[in-house]
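Coordinates in review
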2 protein chains.
Amino acid sequence: MATTTNDALQNMSSSADPDSAQPSTTPTLRDLKANRPAHGPNMNWVAKLASGIILDVRARAPYYVKDWTDAWNYRVVPATALTFFANVLPGIAFSLDLIETTQQYGVAEVLLSSFMAAFIFSVFGAQPLTIAGVTGPITVFNKTIFRIIQGQPDAPNYLHFVGWVYLWAAIIHWITAILNWCNFLKYVTLFSCDTFGFYVSWVYLQYGVQVVTRQLDSSSLPGAFVSIILAILMLVVSFLFQSLSQKTLFHRHIRRFLADYGMPISLIATSGMAYWGTFNSANPQTLPISGAFQPANNRSWLVPFWQLEGRWVGIALPFGIILWILFFFDHNVSSLMAQGSEFPLRKPPGFHYDFFLLGITTFLAGLLGIPAPNGLIPQAPIHTTSLLVMGRPTKKDDEERQSSNLDEKNSGYIAEYREQPVGVVEQRVSNLAQGSLCLVLLSGPFLHVLNLIPRGVLAGLFWFMGADALQGNGITQKILYFLRDKKSTPKDEPLRRVRKSRILLFIAIQLIAFGATFAITQTIAAIGFPVIIMALIPIRTLLVPRLSFTAEELAILDGPTASPFTMESVGGSL
Amino acid sequence: MATTTNDALQNMSSSADPDSAQPSTTPTLRDLKANRPAHGPNMNWVAKLASGIILDVRARAPYYVKDWTDAWNYRVVPATALTFFANVLPGIAFSLDLIETTQQYGVAEVLLSSFMAAFIFSVFGAQPLTIAGVTGPITVFNKTIFRIIQGQPDAPNYLHFVGWVYLWAAIIHWITAILNWCNFLKYVTLFSCDTFGFYVSWVYLQYGVQVVTRQLDSSSLPGAFVSIILAILMLVVSFLFQSLSQKTLFHRHIRRFLADYGMPISLIATSGMAYWGTFNSANPQTLPISGAFQPANNRSWLVPFWQLEGRWVGIALPFGIILWILFFFDHNVSSLMAQGSEFPLRKPPGFHYDFFLLGITTFLAGLLGIPAPNGLIPQAPIHTTSLLVMGRPTKKDDEERQSSNLDEKNSGYIAEYREQPVGVVEQRVSNLAQGSLCLVLLSGPFLHVLNLIPRGVLAGLFWFMGADALQGNGITQKILYFLRDKKSTPKDEPLRRVRKSRILLFIAIQLIAFGATFAITQTIAAIGFPVIIMALIPIRTLLVPRLSFTAEELAILDGPTASPFTMESVGGSL
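Residues numbered from 1 in each chain as written. Chains lettered and ligands numbered in written order. Predicted model: local features only at pLDDT ≥ 70, side-chain atom pairs only at ≥ 80, totals over all residues. Heavy atoms only, no water.

Within chain A, the secondary structure is distributed over 27 helices and four strands. Looking at the 574 residues of chain A, the share that counts as buried comes to 59%. Of the contacts formed within chain A by residues at least 6 apart in sequence, a portion of 86% connects residues at least 24 apart. When the accessible surface of chain A is totalled, it reaches about 22,300 Å², and 65% of it is carbon and sulfur. (Helix = DSSP H or I, 4+ residues; strand = E, 2+ residues; numbered from the N terminus. Buried < 20%, exposed > 50% of the residue type's maximum accessible area, 1.4 Å probe, protein only. Contact = heavy atoms within 4.5 Å. Areas by Shrake-Rupley, 256 points an atom, 1.4 Å probe, with all protein chains shown as cover.)

In this section: the relation of the copies chain A and chain B. Between the two chain copies there is a screw-like relation: a rotation about an axis and a shift along it. If you rotate chain A by 179 degrees and push it 0.0 Å along the axis, it lands on chain B with an RMSD of 0.0 Å. What the superposition gives is, in effect, a two-fold axis relating one chain to the other. When the interface residues of chain A are mapped onto chain B, 97% of them again lie at the interface, so the same face is used by both copies. (Least-squares fit on C-alpha atoms with pLDDT ≥ 70 in both.)

Right, let's talk about the environment of Thr-176 of chain A for a bit. Residue and element names in this part refer to chain A. Take Thr-176: it is sitting in helix 10 (residues 158-178). Along the backbone, Thr-176 and Gly-359 are 183 residues apart, and their C-alpha atoms lie at a distance of 9.5 Å. Filtering out sequence-adjacent residues up to four positions away, Thr-176 remains in contact with Trp-181, Cys-182, Trp-324, Phe-328 and Phe-355. A polar side-chain atom of Thr-176 sits 2.8 Å from a polar atom in the side chain of Trp-324. (Polar contact = N/O pair within 3.5 Å; in protein donor to acceptor, adjacent residues only side chain to side chain.)

Counting residues in hydrophobic clusters, the biggest one holds 291 residues, and the most contacted among them are Leu-89, Leu-111 and Leu-450 of chain A together with Leu-89, Leu-111 and Leu-450 of chain B. Apart from the residues lying within four places of it in its own chain, the contact partners of Leu-111 of chain A are Val-88, Ile-92, Cys-438, Leu-441, Leu-442, Leu-447 and Leu-450 of chain A. (Core = buried A, V, L, I, M, F, W, Y, C linked by side-chain atoms within 4.5 Å.)

Before going further, it helps to spend a moment on the UniProt feature "domain: Bicarbonate transporter-like transmembrane" (unreviewed entry) in chain A. On the UniProt side, "domain: Bicarbonate transporter-like transmembrane" (unreviewed entry) is annotated at positions that read residues 49-214 and 223-559 of chain A here. Here residues 49-214 of chain A is 73% helix and 1% strand, with 50 Å between the C-alpha atoms at its ends. (UniProt positions renumbered as here; feature names shortened; annotations may be inferred.)

Here the focus is the state of the cysteines. Following the criterion strictly, the structure yields zero disulfides over all chains and no others. The thiol sulfur of Cys-182 of chain B is not disulfide-bonded, and the nearest other cysteine sulfur, from Cys-193 of chain B, lies at 13 Å. (Disulfide = S-S within 2.5 Å.)

On to unusual backbone geometry. Glycine aside, the phi torsion of most residues is negative, and most peptide linkages are trans. Residue Pro-378 of chain A follows Ile-377 of chain A across a cis peptide bond; omega there is 5 degrees. Tracing the backbone shows Pro-378 of chain A in the loop between strand 2 (374-375) and helix 17 (379-386). For Asn-180 of chain A, which is not glycine, the phi dihedral falls at a positive 65 degrees. Here Asn-180 of chain A lies in the loop between helix 10 and helix 11 (190-218). Judged by relative accessible area, which is 7%, Asn-180 of chain A ranks as buried. For Ala-50 of chain B, which is not glycine, the phi torsion reads 60 degrees and is therefore positive. Residue placement: Ala-50 of chain B occurs in the loop between helix 4 (45-48) and helix 5 (51-60). Ala-50 of chain B sits in the buried class, given a relative accessible area of 18%.

A few words now on the pattern of salt bridges. This model, assessed by the stated rule, comprises 28 salt bridges over all chains. The residue Lys-347 of chain B makes a salt bridge to Asp-67 of chain B at a minimum N-O spacing of 2.8 Å. Here Lys-347 of chain B is found in the loop between helix 15 (310-338) and helix 16 (351-368), whereas its partner Asp-67 of chain B is found in helix 6 (residues 64-69), with 280 residues between them in sequence. Comparing Lys-347 of chain B with Asp-67 of chain B shows no difference in burial state: the two are buried. One salt bridge connects Arg-455 of chain B with Glu-100 of chain B, and the closest N-O pair in it is separated by 4.0 Å. One end of the pair, Arg-455 of chain B, is in helix 22 (residues 455-472); the other, Glu-100 of chain B, is in helix 7 (residues 76-102), and 355 residues separate them in sequence. Looking at Arg-455 of chain B, the relative accessible area reads 15%, which means it is buried. Classification of Glu-100 of chain B by relative accessible area gives partly exposed; the value is 42%. Each member of the salt-bridge network shares a partner with another, and the members are Arg-60, Asp-67, Asp-70, Lys-347 and Arg-428 of chain A. (Salt bridge = Lys/Arg side-chain N within 4 Å of Asp/Glu carboxyl O.)

With that settled, the discussion passes to the interface of chain A and chain B. Contacts between chain A and chain B engage 36 residues on the former and 35 residues on the latter. When chain A packs against chain B, close to 3,100 Å² is buried across both sides, 65% of that on carbon and sulfur atoms. Here chain A is connected to chain B by zero salt bridges. Counting every contact that joins chain A to chain B gives zero residue pairs in polar contact (both at pLDDT 80 or more). Listed by contribution, the elements that provide at least two residues to the side of chain A that touches chain B are helix 12 (221-246), helix 13 (252-273), helix 14 (277-281) and helix 23 (474-483) of chain A. At nine residues, helix 12 of chain A tops the list of elements feeding residues into the side of chain A that touches chain B. A class-by-class count of the residues in the side of chain A that touches chain B yields 21 nonpolar, nine polar and six charged. (Buried area = accessible area lost by both parts, 1.4 Å probe. Nonpolar A, V, L, I, M, F, W, Y, C, P; charged D, E, K, R; others polar.)

The structure is reproduced here in structure tokens:
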């Protein structure tokens, strides 16, 4: 364990070290694996049932109390603020289309979904860093279901049908967790994560454009123009804060403040601008709201989906399978990225157990008639980043970083002045707090505040989050490697050891997969896009190795998303 | 002279070296000074008459042919393009108010003024790097005269009166040049130049805001909103290009291209956006135009100012004196900054001679009824910057630079990858060409093109030029030194040797002077602002040394704007 003079970190480090803070008899994940009774090719498959879940629980349980006490750390405050805004606003924005198309949901349903996910994963989850909420894909999924069943002559009740779809998906989630299928995550390398992250980034950018163009069609022209102004300002000011936080211009405390609160400040400031006289008179569109704590259409919160006709129960199954594919990929990739190898984590993960929990949240979502939540990209990695403790690393830390972090090395700044991540405040409070804020928003006065946020600002937020995720993405980084002046590329850059044609081939495969995914979501077949995303895994495992890459080249171009420590939960990396 | 492998530079270096390219008998400026007949305290003042002008001409004349042949260099192309846009568009924009208030000028007058200045200074001038044109102050000056004389019961013809004001100013210019008063420029240190540059930057920023707000009042609301969108886009895209040109992201040729053409490309692209369907329908305001080659009000181009009544001729004198104060400061500071110590110049300057020429252009401006042109900040230094030849410096060059350039050192990049200025393409063609393009704009078809440029884009251009000049300004740099994380400040930063209280005191004096200047230009007394600006010189020479600075501290905080080589024309630095 790294030694450091940072008090906060020392406190954290010691608490994260099972040998010191926990009774020395507590088994580590590695111990548990070594001791499990049936191990090896001959082991009885029944004995393996739920073994992943059990190991996850056994590994994480000893840290449970510390997960709460460790939250007594300032970093929890900015992480909560940043994650709250990054989670709730895009969630609502993505849902606008679903709300308007189906008339079955309101803003209250979206907020409740975020709260439920945060509550269950922060209180019961093994991976409380993974932020879950309402994603773009689930809103597309629910909307597509609406369109399909509305076309039928004897259309069932929409929420009953979705309830069954969710139940089927939940059941497959539980089966997946019990059969340890999350072990397949070892095949989910940076190749798939980067491609999916790239796709999500572009969905964010596209959605920002749509928020604006929709107003050009529907609302008054001056209002739409004001929305464009606010969107650009939100984007520019957010990036300005980010860029200031990365320069040597201010004291590091100020820089950290800008990094922590730049986006929330931009959001509040640009929202405020909408109420400046001239802009206000143009009346730009704001977020819609519904009644406080009230579902749409005055229905009761409980959906009696068991009343669905038998025939439709069967039809719901294939939809449930597609939802399972989506969540298996989306939620687990979010978890992997939230626990990526760039974060110096010290508490064990739990993919099997958390996927079981995701089955429960999906089931509850169906029961309550709300969109099902799952792991969020880029919010989950944003959350972990915000919890990073920076400091002067020891020499050992420094060497480790050098081999893992491409981005840092290329920036060209003089290294001696820069702080590096030396720890993460791993705890459950920030996730719970950001979710609880969603519940607060459900109350009357705060719903009114939500209603004050102009849609233009939301568009700017989409652009900022999309562009921000894009610039850190592995595909972008490889493309930038090509554009970069070779004189400015460090001599020890690993990509220098890969033939240029092979880098291009690797990027090309990723871009084709991205293009196919992005294209299909623009069509009526949108609901099938999880299948294409899922196909990334066999493409990487079966096809890519047959192309003319050397083993060393592939090792440089690709790699596990999370560190060996994290991958232990799913049986290690490839 | 630095040796370098760059062919273009070698060609230039050798041509700039009088010992090799010129006959060895050609005297250098230093030789001429040493040999001048009457030198010393006892010399007859009559013998000194026009000695500055004569020495300037003798020093520069040997380079005259080379000044044209040296222009066979690619850098002249981007320098022409950049300077043209940076000169003509703000010139027109500043004049809009004057045009509308007085109804005595049109766009044609502004373009002609720019051309005349460019023609005279590039063909006959000793300092062809100094770009002259229509400034903000001269438009304020002319407008104030209009307001004052219109209030009189027997108001004279406006252009006749201005003609006399200009003639008086011209006469004082000639006297100044003949009496070698430009030698006072040795007292014009960075203290005054930075304060004036700071003031001009804020005028640019303010003017950009005014261009936008005026539309909010006058034109339709959607049109004004589109102007705001275009202004923000122009600002952001220009800075984006600039920031890309400073990163290690692209090959250095691409980066130079972005630095060279980023602003013109942004300008054309954002102007084009105004004609996109939805934006076009809002009909944002564009630049006004007049008839081709035609002065306003169908008058003839010659103004018979000699018809002015005798009484008004006398009243014109104090105005002429104020104009002379303005031009003495503004033009010479522009020349100093265009030949600042950060530029490795090798051809001699000529302040006395050029100030004599400025008298001629001022007189001609009165005769033609056009706003009098003078040296432009920030356009003149932008022009020289654009003519910089970059390369790997020899070790000697490097050491020289280190001691002179604060900015470069603080940026924190790894020095080995960076190119540095090793020469300037000193020639007359880029100045002449950018002025001739103004003449081209006077023709019918191109006037139409000018009419297509939206005022919003102009506002963005003002913001970009103002903010760009501001970030390089010495006052800003000293303020940033305070904000900067001390860990990131290089150990050899000279400001570290100055007591913090003294840095603050020095900045405070500059900011108070800036505040007074800026405040007075907002009032009816605006016409008196050159007096305040001029007062900077005695403040620095008489007041500042009496405050509790040590000599070393003052030497670090202040310094000559131009190098000793350039300052030789005005009798050396302090």
